[in-house]
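For reference, the chains in residue letters:
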Amino acid sequence: MKRLLGVALGILTAIGGFLDIGDLVTNAVVGSRFGLSLAWVVVVGVIGICLFASMSGRVAAVSGRATFEIIRERLGPRAAGANLTASFLINLLTLTAEVGGIALALQLASSVEPRLWIPVAAFALWLVVWRTKFSTMENVTGLVGLTLVVFAVAVFLLGPDWSELADQALSPTVPAAEGHAVYWYYAIALFGAAMTPYEVFFFSSGAVEEKWTVKDLAQSRLNVLVGFPFGGVLSVAIAACAAIVFLPAGIEVSSLSQIVLPVALAGGKLALAVVIVGIVAATFGAALETSLSSGYTLAQFMGWSWGKFRRPAQAARFHLTMIVCILVAGAVLMTSVDPIKITEFSVVFSAIALPLTYLPILLVANDPEYMGEHVNGKVTNALALVYLVIIVTASVAAIPLMIATGAGS
Amino acid sequence: MQVVRALLGLTALAVVAGCAVGSPATTVDEARALTAPLEQSSSAVGTATLATELLGDDRTTAAVTDTALLDQVHVLEEAADAVATFVPADATGAGWQADALTAVRDAQLAVADARGWANGAGSDEASVVAALDASAETLEDLTATLDEVTGQ
Amino acid sequence: MSLPPDEHPPGLVLDARLHLLDRQVLDVDGVPVCTVDDLEVHGVDGSDLPDGTQTAFVTSLLSGAVLATRVFGGRPPSSRWHRIRWTHVADVGTTVALGVRGDTLDVTWTERWVRDRVIGRLPGGRHDPG
């Protein structure tokens with residue numbers, strides 16, 4: 001019974017923890033402009049993150065070593081240093097977007113302007129990173145984040161024309177009002193939102209934090225393979241809500257307040273309250289994960305003592321890194337920059353940086369020195385190669401498309 | 001080295017070409033440049049209408065509607081800025097610009113009024129929604145006129 | 001006919017680049033200490049710049065500022081090196097295990113500095129996360 005509860009808890013937190021500000025914003029923007037004609041990208045992204053996360057979880061569980069230790073060991077200080085610089089900066093950008101998301105969600109709850117919420121959000125974030133146990137932190141934000149299921153409920157309550165939605169999703173075409181370049185730009189953004197690289201640092205380091213061993217592999221694989229696809233369903237539900245309410249009205253989503261309106265339309269004040277709680281939990285959870293990831297990547301590269309299972313004083317430089325990153329994210333947001341804009345950039349840059357983490361993980365997952373008998377199987381490797389092509393293509397195409405489309409405008 | 005120079009040259013060309021988009025040459029380009037901020041304004045007014053009606057039906061909280069309307073004020077500000085900084089080439093363009101600017105300004109007024117109502121100041125829901133609807137219609141008509149020129 | 005001389009020097013034979021450089025160093029309690037940023041190598045005759053014609057011994061693992069010279073090139077003065085003497089090394093696997101506690105080593109001075117000046121002074125910094 002206890003074991004079953006453990007399995008259920010793992011899956012539920014994986015679903016609740018899947019969505020972050022990037023998924024929320026990108027899916028709603030895409031839904032309002034392209035309907036469900038980009039839903040296939042979410043499917044591609046979810047399979048990708050399943051593959052990727054289960055590989056990095058396996059590497060961490062079998063070797064006991066987290067991602068960036070191995071990247072440094074395999075690539076040497078120069079290539080790994082360049083990789084660290086890029087990954088760290090993009091992670092910081094994502095952290096900034098998440099903290100901004102918390103502030104925007106709290107604005108929806110209170111109509112107090114976000115600039116006043118930013119210091120509060122940053123302090124709360126640090127307090128949790130400083131004092132809370134890893135498993136408590138993961139379980140609470142994951143379970144509360146599950147309330148975002150309300151997006152899926154809202155789709156049913158809105159009573160859409162199902163055949164039209166299915167048509168958009170199954171035979172995707174570029175809407176007349178949008179160009180092909182913009183369509184593909186948003187395809188890459190959506191892919192980056194689903195496959196955010198910080199998930200991988202976090203997942204592999206989390207496996208070390210929770211002291212996973214080979215025995216826990218089955219559970220971790222189940223969490224990923226069941227939890228993430230359900231998370232993907234929620235992503236599509238967010239896009240569907242926007243597609244039902246905003247696409248016919250010619251409304252383009254550009255703020256978090258718009259994202260919750262279809263839910264209010266469908267379910268009234270109660271649903272609205274639930275969705276706001278869900279957004280706060282999802283962004284707060286992702287902000288915790290990105291804060292920790294900033295500490296994990298740097299500490300693992302430098303060989304410092306790290307981990308939330310240690311007292312802060314026993315992982316001093318790790319904690320200092322996180323404090324500095326949270327302060328930087330807060331300071332950037334205090335300049336009144338629009339968090340939604342930061343989010344849009346962060347998902348595209350995530351797509352650009354994907355090969356940097358994906359390739360080393362793939363190499364190590366095939367390295368018998370680390371993995372022994374648990375190296376990748378043939379099927380995994382075949383799928384991994386297909387994704388390598390997709391990821392590299394998306395990464396290379398992202399910047400030219402960003403310039404050509406004026407970042408999707 | 002030659003490859004590098006060629007690449008640099010191409011980049012420079014791309015940058016110059018990119019800048020050139022800012023100053024439209026033909027009537028069609030002018031109409032297209034004004035359509036974008038008008039569509040943006042229509043989207044803002046549509047959102048404002050939805051947020052206002054939801055509050056009237058007691059389906060949202062004042063805080064959410066207030067935030068949604070505030071966000072749309074910012075969107076309209078951006079659109080007004082785009083229209084106001086547009087440089088017309090001839091009298092036709094100047095006329096469109098004036099119409100567009102009036103339409104966007106009216107939209108700003110309607111949304112600001114709605115926000116006032118949401119926060120409990122003056123007027124009633126019906127007149128607020130009527131003003132938003134009227135603004136939406138003006139914007140739509142103007143967009144339709146411009147669309148005829150661009151042939152979309 | 002005599003047997004060829006034994007060419008294997010005593011001690012652990014390692015490919016320094018493959019087995020040591022950039023590996024994580026753990027102390028006797030399994031706490032991360034640093035990464036092997038560089039190595040100090042001496043020839044059998046005691047010269048500190050072995051030319052490759054003679055057998056060389058790793059005398060110390062280096063960490064800290066030498067990382068910058070691995071990335072950008074150059075060679076810092078040896079007074080700036082932070083060494084872990086090879087005698088402290090207990091085992092070399094996917095990580096390098098030491099037989100001593102990391103706290104006592106020179107290379108962890110930044111960790112101690114941050115702990116004593118910043119992290120240890122914040123409330124709750126010396127307690128287990130609850």
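Keep in mind that this is a model prediction, so the values were computed, not measured.

Topic: the overall build of chain C
When its secondary structure is counted, chain C shows three helices and seven strands. Each helix and strand of chain C, placed in order from N terminus to C terminus, yields the pattern α-β-β-β-β-α-β-β-β-α. Split into buried and exposed, the 130 residues of chain C put 35% on the buried side. Taking the intrachain contacts of chain C between residues at least 6 apart in sequence as the baseline, contacts between residues at least 24 apart amount to 43%. Working note: accessible area of chain C is about 7,900 Å², and carbon and sulfur atoms make up 55% of it.

Points about the interface of chain C and chain A
Every contact between the two is made by 35 residues of chain C and, on the other side, 33 residues of chain A. Roughly 2,900 Å² of surface becomes buried between chain C and chain A when both sides are summed, with 53% attributable to carbon and sulfur atoms. Area buried by chain C at its contact with chain A is led by C:Glu111, C:Ile119 and C:Pro129, which between them contribute 21% of it. The interface formed by chain C and chain A contains six salt bridges. A breakdown of the residues in the side of chain C that touches chain A according to their chemical character gives 16 nonpolar, eleven polar and eight charged.

Focus: helix H13 (residues 316-334) of chain A
Between its terminal C-alpha atoms H13(A) stretches 27 Å, which fits the 27 Å expected from 19 residues at 1.5 Å a residue. Of the positions making up H13(A), those classed as buried are A:Ala316, A:Arg317, A:Phe318, A:His319, A:Thr321, A:Met322, A:Ile323, A:Cys325, A:Ile326, A:Ala329, A:Gly330 and A:Leu333. Buried-residue contacts for H13(A) involve helix H4 (67-110), helix H5 (114-131), helix H12 (256-302) and helix H14 (339-365) of chain A together with strand S2 (32-35) and helix H3 (109-117) of chain C. At the exit of H13(A) stands A:Ser336, carrying a positive phi of roughly 70°.

Overview of the interface of chain A and chain B
Taken together, the contact pairs 25 residues of chain A with 20 residues of chain B. Counting across the interface, chain A meets chain B through one salt bridge. Where chain A packs against chain B, one counts eight residue pairs in polar contact (both at pLDDT 80 or more). Listed by contribution, the elements that provide at least two residues to the side of chain A that touches chain B are H4 and H12 of chain A. Tallying contributions element by element places H12(A) first for the side of chain A that touches chain B, with twelve residues. Grouping the amino acids of the side of chain A that touches chain B by side-chain chemistry returns twelve nonpolar, ten polar and three charged.

What about the nonpolar core?
Residues and elements named next belong to chain A. By size, the foremost hydrophobic cluster in this structure holds 151 residues, and its most contacted members are Phe-151, Val-275 and Tyr-358. With 19 residues, H12 is the largest single contributor of residues to this core. The residues contacting Tyr-358, other than those within four sequence positions of it, are Leu-51, Phe-52, Met-55, Ala-384, Tyr-387, Leu-388 and Ile-391.

Some words on the confidence of the model for chain A
Mean pLDDT over chain A works out to 91, with 100% of the residues at or above the 70 mark. When mean pLDDT is compared element by element in chain A, H13(A) scores highest at 96, while helix H1 (residues 2-16) of chain A scores lowest at 82.

Thresholds applied
- Residues numbered from 1 in each chain as written.
- Chains lettered and ligands numbered in written order.
- Predicted model: local features only at pLDDT ≥ 70, side-chain atom pairs only at ≥ 80, totals over all residues.
- Heavy atoms only, no water.
- Helix = DSSP H or I, 4+ residues; strand = E, 2+ residues; numbered from the N terminus.
- Buried < 20%, exposed > 50% of the residue type's maximum accessible area, 1.4 Å probe, protein only.
- Contact = heavy atoms within 4.5 Å.
- Areas by Shrake-Rupley, 256 points an atom, 1.4 Å probe, with all protein chains shown as cover.
- Buried area = accessible area lost by both parts, 1.4 Å probe.
- Salt bridge = Lys/Arg side-chain N within 4 Å of Asp/Glu carboxyl O.
- Nonpolar A, V, L, I, M, F, W, Y, C, P; charged D, E, K, R; others polar.
- Expected span 1.5 Å × (residues − 1).
- Polar contact = N/O pair within 3.5 Å; in protein donor to acceptor, adjacent residues only side chain to side chain.
- Core = buried A, V, L, I, M, F, W, Y, C linked by side-chain atoms within 4.5 Å.
- pLDDT = per-residue confidence, 0-100.

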